[in-house]
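As a plain string of letters, each chain reads:
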Amino acid sequence: MCGFNKDDWTTLAKMAEASGADALELNLSCPHGMGERGMGLACGQNPDLVLQISQWVRAAIKIPFFAKLTPNVTEVKEIAKAAHQGGATGVTAINTVSGLMGLRGDATAWPSVGKEQRTTYGGVSGNAVRPIALRAVSSIARTLPGYPIMATGGIDSADSCVQFLQCGAGVVQICSSIQNQDFTVIQDYITGLKAYLYLQSRPDLKNWDMQSPPRDPIPEIYRGKHLPKFGEYQEERNKIKIEANQKADLLANGSNNNQRSPPAANKIPNVLDQVGRAVSRIGEYNRLNNQEQVVALVNEELCVNCGKCYMTCNDSGYQAIKFDKNTHIPTITDDCTGCTLCVSVCPIIDCITMVPRTIPYIPQRGIPPTTEVSSSAH
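Conventions and cut-offs
- Residues numbered from 1 in each chain as written.
- Predicted model: local features only at pLDDT ≥ 70, side-chain atom pairs only at ≥ 80, totals over all residues.
- Heavy atoms only, no water.
- Salt bridge = Lys/Arg side-chain N within 4 Å of Asp/Glu carboxyl O.
- Buried < 20%, exposed > 50% of the residue type's maximum accessible area, 1.4 Å probe, protein only.
- Helix = DSSP H or I, 4+ residues; strand = E, 2+ residues; numbered from the N terminus.
- Contact = heavy atoms within 4.5 Å.
- Polar contact = N/O pair within 3.5 Å; in protein donor to acceptor, adjacent residues only side chain to side chain.
- Core = buried A, V, L, I, M, F, W, Y, C linked by side-chain atoms within 4.5 Å.
- Disulfide = S-S within 2.5 Å.
- Pairing = 2+ DSSP bridges.

Engineer: Tell me about the pattern of salt bridges, residues and numbers included.
Structural biologist: In total, this model carries 9 salt bridges according to the counting rule given. Of the charged contacts, one joins Asp204 and Arg202 as a salt bridge, the two residues approaching to 2.8 Å between their closest N and O atoms. On the accessibility criterion, Asp204 (40% relative accessible area) is partly exposed. Notably, a salt bridge pairs Glu220 with Arg223, separated by 3.3 Å at the nearest N-O pair. The class for Glu220 is exposed, based on a relative accessible area of 62%. When salt bridges with common partners are traced through the structure, they connect Lys229, Arg237 and Glu301 into a single cluster.

Quick look at the structure:
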């Protein structure tokens, strides 16, 4: 990391190459006081400076180098284009997001420095910045197809690793997750990635989402009875289950079903097959088909009757959920607009799913006025 000075960048790059480095990463994005000193994001926020610095380094060394980009710009893809034009082998996206971590009750900041307990803006990292990083990686991949991208920013699981690969990154970097635990998380992610790739080779598991199997539908014995899992309703559920078990032949399906061999797997894909898989689906709003509408559907068997979906829809949405005062079972009405607020607050995975709308949507534009407004009032 240097300021905008050709000799500094050339000297530092040559020294790093001479020391045996296989590749370099140019820090054009550090927000920790470097901008005020003319370094870090002070260089990386200006595409002309990024272009010039990349040209200097490219002329000075033969090994690959990546420009590490700041998210603290309007369009990170413009900075990536400058690095590409300047000869950078690839880019790293993203560095930390400038922020203020928080204040205590006495108006002093955390962290704070010195007797006066002053603070400054610093870089926010970890999974809080993942949506910003995914946006940056996918934007660069769409703008510069095939250009090498190293992704970083909130990668804390095999799942999030795959998301960055699908957005166009060929390599991922892990930091905050290791700081929160230790280096053993890397092996966890590798194991999870192997499992993900294997699942793709099994036709019978195509409906799984990563390592999570699809939820079972409502059992036939409870269908249409609207019985939550508490109080007298749970007692009724128990009676129904006992009666069903008494009538059922529990050995009808055979005793060795759990020992059946899985069906033959297709060829297991590799990591490179995942790179960029999602890019063609990501783009501008105008490419979305707003005629293909969806509505929410609640799985009563999974519902824990907490009422969060009802509250958010009632106070922040379209008042499209009815909440039974006795069973506490939510019911979606025809007023649902498919906004997914209920899905975002539901604590149970897959309890609420979005399904295609089958009837025309008629917008409700508020409560009609109780009195006519005369033309003279205008």
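There is more to say, and it comes next.
Engineer: Can you explain the environment of Arg58? Please cite residues and give values.
Structural biologist: For Arg58, the position within the fold is in helix H3 (residues 47–60). The spacing of Arg58 and Gly87 is 29 residues in sequence and 5.9 Å in space, taken between C-alpha atoms. Look past the residues within four positions of Arg58 in its chain and what remains in contact with it is Ile63, Phe65, Gly86, Gly87 and Thr89. Of the polar contacts made by the side chain of Arg58, one reaches the backbone oxygen of Lys62; its length is 3.5 Å.

Engineer: Describe the nonpolar core, naming the residues involved and giving the relevant values.
Structural biologist: Judged by nonpolar contacts, the single largest core of 47 residues is most densely connected at Val91 and Ile140. Looking at this core, the element that brings in the most residues is helix H5 (residues 130–143), giving 6 residues. Not counting residues up to four positions away in its chain, the partners in contact with Ile140 are Leu69, Val76, Lys77, Ala80, Val91, Ala93 and Ile149. Core analysis: the second largest hydrophobic core is formed by 14 residues, Ala296, Ala320, Cys336 and Cys346 among them.

Engineer: Could you give an account of the state of the cysteines, with specific residues and numbers?
Structural biologist: The final tally for this structure, using the stated rule, is 0 disulfides. The structure places no disulfide on Cys43, whose sulfur is separated from the nearest cysteine sulfur, that of Cys2, by 8.5 Å. Cys351 takes part in no disulfide bond, and the closest cysteine sulfur, belonging to Cys346, lies 4.2 Å away.

Engineer: Account for the side chain of Ser160, naming residues and giving values.
Structural biologist: Mapped onto the secondary structure, Ser160 falls in helix H6 (residues 158–166). Those residues in contact with Ser160 that sit more than four places away from it in its chain are Arg130, Gly154 and Ile155.

Engineer: Could you give an account of the environment of Val57, with specific residues and numbers?
Structural biologist: Summarising the element assignment, Val57 is placed in helix H3. Looking at Val57, the relative accessible area reads 0%, which means it is buried. The spacing of Val57 and Met15 is 42 residues in sequence and 12 Å in space, taken between C-alpha atoms. Residues in contact with Val57, not counting those within four places in the same chain, are Trp9, Ala13, Leu26 and Phe65.

Engineer: How would you summarise the sheet that holds strand E7 (residues 171–172) if you had to cite specific residues and measurements?
Structural biologist: Pairing within the open sheet is parallel, and its 5 strands lie in the order E1-E2-E3-E6-E7. Of all the strands in the sheet, just strand E1 (24–27) and E7 have a single pairing partner and so form its edges. The pairing of strand E3 (residues 90–93) with strand E6 (residues 149–151) spans 3 bridges and is classified as parallel. By the bridge assignment, Thr92 is partnered in E6 with Met150.

Engineer: So, the pairing of E1: which residues are in play, and what are the values?
Structural biologist: Two faces belong to every sheet, and in a regular strand the side chains alternate between them. The alternating pattern of E1 places Leu24 and Leu26 on a buried face, while none of Glu25 and Asn27, on the opposite face, is buried. Here 4 bridges tie E1 to strand E2 (residues 65–68), and the two strands are oriented parallel to one another. Residue pairing for E2: Leu26 is matched across the bridge by Ala67.

Engineer: Explain unusual backbone geometry to me, and be specific about the residues and the numbers.
Structural biologist: For the bond from Ala93 to Ile94, the omega torsion is 10 degrees, close enough to zero to count as cis. Mapped onto the elements of the fold, Ile94 is located in the loop between E3 and strand E4 (97–99). Looking along the chain, the bond that leaves Trp110 and enters Pro111 is cis, with omega of -5 degrees. With respect to the helices and strands, the residue Pro111 is situated in the loop between E4 and strand E5 (122–124). One non-glycine residue, Ala107, lies in positive phi territory at about 75 degrees. Judged by relative accessible area, Ala107 falls into the exposed class, the value being 62%. The backbone of Asn305 shows a phi angle near 60 degrees, a positive value even though the residue is not glycine. Checked against the element boundaries, Asn305 lands in the loop between strand E8 (294–298) and helix H10 (308–316).

Function cannot be read off these values alone, since they describe shape.
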